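# An overview of the molecular structure
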Amino acid sequence: MEAPPIVLEALAEILLTQLFRRRPSEEARECYMAYIFDPAVRRRVDEARRTRSRVRLLPARGCHFDLAEIFARLNHRFFNGELSPCRIGWSARPSRSVLGRYDPAHHVIMISRCLDSESIPLEIVEYLVFHEMLHICIPLERRGSRRVVHSRAFHEAEKAFPNYRRVRERLKKIFSS
Ligand SMILES: [Zn+2]
């Protein structure tokens, strides 16, 4: 992938400042993000990422919950069954900091294995899958040089989940301890 020199300079600055845990300059970020937001570039970045790494994923059927079944049920109930099927599975490691993730490059939903437990209520797992499913159909928004993953539209859509607030509270309680 060939990027213009000015973009490479911006990227170098960003990587260096990350290395030293400082904030890159606004110009460097703007420049790099403008480049990244070019759809043609995005596609190539996604392709490169796709070939570079295959996502490590455990099968959807866990010990307590079957993610594929949950996906199908939620797709039918909230998305008219119109969401294109994606790979879904449990994370290899039971992370408590990243509970779910949607990877658009691989079209993969990963849910943390720490949730595949009898102590976790079904609605919590369903909510997390629902959240990641929304990432499939609600695009990122751009505000200046920032990418807004959870936009206002996203939060509004999330409220369609039954007992949204209660589920969020339960989730917080479980993972703050
Ligand atoms: Zn999210």
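Let us look at the structure shown here. Each chain carries its own residue numbering, running from 1 in the direction its sequence is written. For this predicted model, a pLDDT threshold of at least 70 governs which residues receive local features, and a threshold of 80 or more governs which side-chain atom pairs are given and counted, while totals over whole chains, interfaces and linings are taken from all residues. Each side-chain value is worked out from all heavy atoms of the structure, with water and hydrogens disregarded.

## Topic: the sheet that holds strand β4 (residues 108-111)
To be explicit about the condition: Strand pairing requires that DSSP identify at least two bridges connecting the strands. Only DSSP runs of H or I with at least four residues qualify as helices, and only runs of E with at least two residues qualify as strands; both kinds are numbered from the N terminus onward.
Judged by pairing direction, the sheet is mixed, and its four strands sit side by side in the order β1-β2-β4-β3 without closing on themselves. The open sheet has two free edges, formed respectively by β1 (57-58) and β3 (100-103), since each of these has just one partner strand. Two elements, strand β2 (residues 87-91) and β4, share four bridges in a ladder whose sense is parallel. Among the inter-strand pairings, G89 is bridged to a residue of β4, identified as M110.

## Concerning the pattern of salt bridges
Proximity of charged atoms lets side chains of opposite charge pair with each other. As a reminder, the rule being used: One speaks of a salt bridge when a side-chain nitrogen belonging to Lys or Arg is within 4 Å of a carboxyl oxygen belonging to Asp or Glu. Burial status follows relative accessibility: with a 1.4 Å probe on protein chains alone, a residue under 20% of its type maximum counts as buried, one over 50% as exposed, and anything between as partly exposed.
Applying the stated rule across the entire model yields seven salt bridges. The shortest N-O distance in the salt bridge between E69 and R73 comes to 3.5 Å. Here the residue E69 and the residue R73 both occupy positions in helix α4 (residues 67-78), the gap between them amounting to four residues, near one helical turn. By relative accessible area, which is 35% here, R73 ends up partly exposed. R73 is paired through a salt bridge with E126; the nearest N and O atoms lie 2.6 Å apart. Linking R73 in helix α4 with E126 in helix α5 (residues 122-137), this pair joins segments that are 53 residues apart in sequence. Taken together, the shared-partner salt bridges connect E69, R73 and E126 into one network.

## A word on the environment of V129
Put simply, the rule reads: We call two residues in contact when some of their heavy atoms are within 4.5 Å.
Its location among the elements puts V129 in helix α5. Those residues within four positions of V129 in sequence are excluded, and the remaining contacts are L67, I70, F71, L74, I88 and I111.

## Quick look at the environment of A3
As for its position among the elements, A3 is in the segment before α1 (5-19). A sequence separation of 29 residues divides A3 from Y32, and the C-alpha atoms of the two residues are 9.9 Å apart. Beyond its immediate stretch of four places on either side in the chain, A3 contacts L8 and Y35.

## Here's the deal with the coordination of the zinc ion
Counted only if it meets this: Note on donors: an N, O or S atom is included if it sits within 2.8 Å of the metal, or within 3.2 Å for Na, K and Ca, and water is never included, so sites can look incomplete.
Those protein atoms acting as donors to the zinc ion are H131 (NE2), H135 (NE2) and H150 (NE2), and they sit at 2.0 Å. Between the donor residues of the zinc ion, the gaps in sequence give the motif H-x3-H-x14-H. With H135 in helix α5 and H150 in the loop between β6 (146-148) and α6 (152-158), this residue pair connects regions lying 15 residues apart in the sequence. Looking at H150, the relative accessible area reads 38%, which means it is partly exposed.

## Here we look at the packing of aromatic side chains
To be explicit about the condition: Between the rings of Phe, Tyr and Trp (Trp by its six-membered ring), a pair exists once the centres lie within 6.5 Å; its type follows the angle of the planes, with under 30 degrees stacked, over 60 edge-to-face, and the other angles tilted.
Here the structure, examined in full by the defined rule, presents six aromatic pairs. Seen from their ring centres, F79 and F130 are 5.8 Å apart, and the 45 degrees between their planes marks the pair as tilted. You can see F79 sitting in the loop between α4 and β2 and its partner F130 sitting in helix α5, a full 51 residues away along the chain. Across the pair, F130 and F79 agree in class, each one buried. Members of the aromatic cluster, connected to one another through ring pairs, are F78, F79, Y127, F130, F161 and Y164.

## Describing the pairing of β2
Most of β2 sits out of view: four of its five residues are buried. Note: β1 against β2, two bridges, orientation antiparallel. Bridge pairing links L58 to W90 in β2.

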